[in-house]
Amino acid sequence: MLAKELVADSAIHLLYNSINQTEKTAMTKAELLDRRYLRMAQIWAENSYCTRRQVGALIVKDKMIISDGYNGTPSGFPNVCEGENGLTLPYVLHAEANAITKIARSNNNSDGATLYVTDAPCIECAKLIIQAGIKRVVYARSYRLTDGIELLEQAGISVEHINDCSTKE
C-alpha cells in the first residue's frame, strides 16, 4: 500500500510540475510577444517627422497587427510637426489617433484588441482608445501627465507599463 501511495504521489507531483512549467512557458511567451510588439512600435515611430518626440503605435488583435500609426501631420499637410518656437503644432495627430482612424477607414475593427504604444497615451487618445473598444494598452515611456492612463484604468482597460522592451533574459 505504501508503494502505491508513493507512485500516486509521484505522479501527482510530476503532473503538477508539468502544468506549472506550461503556465510559466505561456507567460514567458506572452511577455516576449509584448516586448516584441513594443519594439516594433518603436521602429515604426522612426517614420515620424516630429523632432521633439517620435511616437509609434500598433493595434494587435488575435496576434495580428491590424493597424499602425505614428505621430505626424494629417494627409496633405507639410511634414512639419513643430513651429518656429519649437512647440508641436496644434494639428499634429498622435500615433494612437492615426492607428485608430486607419481602423475606421478599413473593414476591420479594434474590439478587444491590444494597443502597443511607445509613450503613455494622453487624455484625448485615451478617449479614442475607449471608444474604439480596445481592451488592453501596453506602453514603454511614461509621461509627466497621467490623466490618460487614469481614464483608461477607470474605464476597465488593462494598462501595462513595460519600461525595458528587450527580450533578453
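None of these values were measured; they are calculated from a predicted model. (Residues numbered from 1 in each chain as written. Predicted model: local features only at pLDDT ≥ 70, side-chain atom pairs only at ≥ 80, totals over all residues. Heavy atoms only, no water.)

> Just give me the short version of the nonpolar core, but keep the residues and values in it.
Counting residues in each nonpolar core, the largest one holds 21 residues, and the members touching the most others are Ile-59, Leu-115, Val-117, Ile-129, Ile-134 and Val-137. Where this core is concerned, the elements lending two or more residues are strand 1 (56–61), helix 2 (95–104), strand 3 (114–119), helix 3 (123–131), strand 4 (136–141) and helix 4 (147–154). The element that contributes the greatest number of residues to this core is helix 2, accounting for four residues. Discounting chain neighbours no more than four positions away, the residues touching Leu-115 are Ala-57, Leu-58, Ile-59, Glu-96, Ile-129, Ile-134, Arg-136, Val-137 and Val-138. The next biggest cluster of nonpolar side chains, apart from the first, holds 10 residues, and it includes Val-138, Ala-140, Ile-162 and Cys-165. (Core = buried A, V, L, I, M, F, W, Y, C linked by side-chain atoms within 4.5 Å. Buried < 20%, exposed > 50% of the residue type's maximum accessible area, 1.4 Å probe, protein only. Helix = DSSP H or I, 4+ residues; strand = E, 2+ residues; numbered from the N terminus. Contact = heavy atoms within 4.5 Å.)

> Pulling in residues and values, what's your account of the confidence of the model for the protein?
Predicted coordinates in areas of low pLDDT are best not read in detail. Summary statistics for the protein give a mean pLDDT of 87 and a share of 82% for residues scoring 70 or more. A low-confidence stretch, residues 3–8 stays under pLDDT 50, and its non-local contacts, those more than four residues away or across chains, total zero contacts. (pLDDT = per-residue confidence, 0-100.)

> Tell me about the pattern of salt bridges, and name the residues and values.
On inspection of all chains with the given rule, the structure shows six salt bridges. As a salt-bridge pair, Asp-119 and Arg-141 come within 2.8 Å of each other at their nearest N and O atoms. With Asp-119 in strand 3 and Arg-141 in strand 4, this residue pair connects regions lying 22 residues apart in the sequence. In this structure, Glu-124 and Lys-127 form a salt bridge, with 3.1 Å as the shortest nitrogen-oxygen distance. (Salt bridge = Lys/Arg side-chain N within 4 Å of Asp/Glu carboxyl O.)

> I'd like a rundown of the environment of Ala-41, residues and numbers included.
For Ala-41, the position within the fold is in helix 1 (residues 2–45). C-alpha separation for the pair Ala-41 and Leu-58, spaced 17 residues apart in sequence, amounts to 5.9 Å. Excluding residues that lie within four positions of it along the chain, Ala-41 makes contacts with Gly-56, Ala-57, Leu-58, Tyr-116 and Thr-118.

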